[in-house]
Amino acid sequence: MDKTTDNFSPEEKIRYARQTILPMIGHEGQLRLKNARLLIVGAGGLGSAPAIYLAAAGVGTIGLIDADTVSLSNLHRQILHSTPDIDKPKVVSAREKLAHINPDVNIVTHQKRLNADNAQTLLAGYDLVIDGTDNLPSRYVINDACFFLNKNFIFGGVHQFEGQCSVFGPGGPCYRCIFREPPPPGEMPSCAEAGVIGVVPGIIGLMQANEAIKWICRIGEPLAGRLLIFDALPARWREVKIKKDPECPLCGAHPTIHSVKEYARPCATAATTTDIAGEITVRELKQLRDQQPDLYLLDVREQMEWDFARIEGAHLKPLSILEENFEDIPKDKPVYCFCKLGGRSQRAIEFLKSQGYSRLVNVKGGIQAWSAEIDPAIPQY
């Protein structure tokens, strides 16, 4: 499949018949699909739909890069995976499903995280990139690497009930023309913290697949210079025009970014990103709590999360209302602060420091780590 071909087997002709009869695709368009090499960064919620539909459409080589394994909380939206795949590497699970959908497609797996060091090498082997990530640092790596490689990438993003889609590439605005720099770690919640309705990644992922087919077949009007925004609650789409920013630090007239750079991950621990009193692992916290049962544990998740899963004896102070509800938190003893993963507790610590608190400790990995390593009876979500 690495070499271009202009031949179709009898089975392929039948498989793609409903597609090739479209005048704008035809035999030539199907050949373009067969000879295309496309990389999907992320084999999760956003990556699932384009992987399935592009394999079905006959894209000849589909690369998948993801370092993660399948977990139960993935399954409501990551339709490439199913219950028997739990704990299996996502790229392995995805390759198995896609091989069943279309055995003629070459699935290349990269079981690793895309980063500043490997991005240009990995992306160089593909014609087109689909952003199926769920975090901002990876998105900037994709954007910058594609810019330096003169490649297009199809952006997708989801948050709760909303999704976005656009195409960034040579000559047009880049992602930094809209968002120059990622926010500080922990400021923007990930899907794991903010939540997302399962159908939204599917809807946006299908839009990405549609843009990929259009780009490969050279048909239609690409989403370059346009950002589509979908709100699932009123079921409305709106379009925002994107202009190239002449002051963009990457693609502007006087660029200041000359190589792909790495940003801190969304839930980087507070000890590496801000000057707090310290952090503690859940195992260390368990040992300490066994010795001192009256430790003050501060849970800054929301009430709905607390109702679903909690650590007994913890005190709930949701981050969203912490500014109006912190006065009874003790200052004369250590406060061990946690959330789901570690991002919100970091922000809570930063706020409490501004209010004169000094004995603050971030619980690394939050309640998810506590569930995984200390108390499996606490459900993960």
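Conventions used here
Residues numbered from 1 in each chain as written. Predicted model: local features only at pLDDT ≥ 70, side-chain atom pairs only at ≥ 80, totals over all residues. Heavy atoms only, no water. Helix = DSSP H or I, 4+ residues; strand = E, 2+ residues; numbered from the N terminus. Contact = heavy atoms within 4.5 Å. Polar contact = N/O pair within 3.5 Å; in protein donor to acceptor, adjacent residues only side chain to side chain. Expected span 1.5 Å × (residues − 1). Buried < 20%, exposed > 50% of the residue type's maximum accessible area, 1.4 Å probe, protein only. Salt bridge = Lys/Arg side-chain N within 4 Å of Asp/Glu carboxyl O. Core = buried A, V, L, I, M, F, W, Y, C linked by side-chain atoms within 4.5 Å. Patch = residues over 30% accessible without salt bridge, like charges linked within 9 Å, V, L, I, M, F, W, Y side chains within 5 Å. Areas by Shrake-Rupley, 256 points an atom, 1.4 Å probe, with all protein chains shown as cover. Phe/Tyr/Trp six-rings, centres within 6.5 Å; stacked < 30°, edge-to-face > 60°. Lys NZ or Arg CZ within 6 Å of the ring centre and 35° of its normal. Pairing = 2+ DSSP bridges. Axes fitted to C-alpha atoms, helices over the stretch in contact; angles between N-to-C directions. Parallel < 35°, antiparallel > 145°, perpendicular 65-115°, else oblique. Left-handed = near helix turned anticlockwise from the far one by under 90°. Nonpolar A, V, L, I, M, F, W, Y, C, P; charged D, E, K, R; others polar.

## Topic: the environment of Glu12
You can see Glu12 is positioned in helix α1 (residues 10–15). Between the alpha carbons of Glu12 and Gly58 there is a distance of 8.6 Å; along the sequence they are 46 residues apart. Leave out the neighbours within four places in its chain, and Glu12 touches Asn7, Lys34 and Asp104. Polar contacts involving the side chain of Glu12 include one to the side chain of Lys34, which spans 3.0 Å.

## Focus: helix α4 (residues 45–57)
For α4, with 13 residues, the first-to-last C-alpha span of 19 Å sits near the 18 Å given by 1.5 Å per residue. Taken across its 13 residues, α4 has eleven buried, putting it largely inside the fold. Residues Gly45, Leu46, Gly47, Ser48, Ala49, Pro50, Ala51, Ile52, Leu54, Ala55 and Ala57 constitute the buried set of α4. Where α4 ends, the next residue or the one after it, Gly58, has phi of about 100°, a positive value.

## A look at the pattern of salt bridges
Applying the stated criterion to the full structure yields 20 salt bridges. The salt bridge involving Glu12 is made with Lys34; its shortest N-O contact spans 3.0 Å. Taken together, the residues Glu12 in helix α1 and Lys34 in helix α3 (residues 26–35) connect sequence positions 22 residues apart. Like Glu12, the residue Lys34 is buried in the burial classification. Glu28 serves as the salt-bridge partner of Arg32, at 3.1 Å between the closest nitrogen and oxygen. One end of the pair, Arg32, and the other, Glu28, are both in helix α3, four residues apart, so they sit about a helical turn from each other. Since its relative accessible area comes to 24%, Arg32 is described here as partly exposed. Connected via shared salt-bridge partners are Asp85, Lys88, Glu96 and Lys97.

## Quick word on the nonpolar core
Counting 38 residues, the largest nonpolar core has Leu38, Leu54, Val59, Ile62, Leu64 and Leu98 as the members making the most contacts within it. Only β1 (37–41), α4, β2 (61–65), α5 (90–101), β4 (128–131), β6 (162–168), α9 (199–217) and β7 (226–231) provide two or more residues apiece to this core. The element best represented in this core is α9, accounting for seven residues. With sequence-adjacent residues up to four places away left out, Ile62 is seen in contact with Leu38, Ile40, Ala51, Leu54, Ala55, Val105, Asn106, Ile107 and Val108. Val41, Leu114, Ala119 and Val129 belong to the second-largest nonpolar core, a separate cluster that totals 25 residues.

## Things to note about a nonpolar patch on the surface
Taken together, the side chains of Phe161, Ile197, Val199 and Leu233 define a hydrophobic patch exposed on the protein surface, amounting to about 370 Å² of accessible area. In this structure, Leu233 sits in the loop between β7 and β8 (236–241).

## Topic: the packing of aromatic side chains
According to the stated counting rule, one finds twelve aromatic pairs in the structure shown. Arranged with centres 5.3 Å apart and planes meeting at 80°, the rings of Tyr140 and Tyr175 form a pair that is edge-to-face. Here Tyr140 is found in helix α7 (residues 136–149), whereas its partner Tyr175 is found in the loop between β6 and α8 (191–194), with 35 residues between them in sequence. No difference in accessibility class separates Tyr140 from Tyr175, as the two residues are buried. Centre to centre, the rings of Phe326 and Phe351 are 5.3 Å apart; their planes meet at 85°, and the pair counts as edge-to-face. You can see Phe326 sitting in the loop between β11 (315–316) and β12 (335–338) and its partner Phe351 sitting in helix α13 (residues 343–354), a full 25 residues away along the chain. The exposure class of Phe326 is buried, given its relative accessible area of 12%. The structure contains a cluster of three or more aromatic residues connected by ring pairs, namely Tyr140, Phe153, Phe155, Phe168, Tyr175, Phe179 and Tyr263. The positively charged end of Arg37 is found above the aromatic ring belonging to Tyr126, 5.1 Å away from the centroid.

## A few points about the sheet that holds strand β10 (residues 296–299)
In spatial order, the strands read β9-β13-β12-β10-β11; together these five strands make up an open sheet with parallel pairing. Here the strands that pair on one side only, and so sit at the sheet edges, are β9 (279–280) and β11. Of the pairings in the sheet, the one linking β10 to β12 comprises four bridges and is parallel in character. When the bridges of β12 are listed, Tyr296 appears paired with Val335.

## Notes on unusual backbone geometry
Backbone phi values are negative for most residues with the exception of glycine, while trans is the configuration of most peptide bonds. Despite not being glycine, Asp87 has its phi angle at roughly 80°, a positive value. Of note, Asp87 is situated in the loop between β2 and α5.

## What to know about the packing of α3 against α9
At a minimum axis distance of 8 Å, the contact between α3 and α9 shows a crossing angle of 110°. Taken together, the axis directions place α3 and α9 in an arrangement best described as roughly perpendicular. Where α3 crosses over α9, the two elements pack in a sense that is right-handed. Of α9, the residues touching α3 (which contributes Gly29, Arg32 and Leu33) are Ile213, Ile216 and Cys217. Residues belonging to the contact of α3 with α9 are distributed by class as follows: four nonpolar, one polar and one charged.

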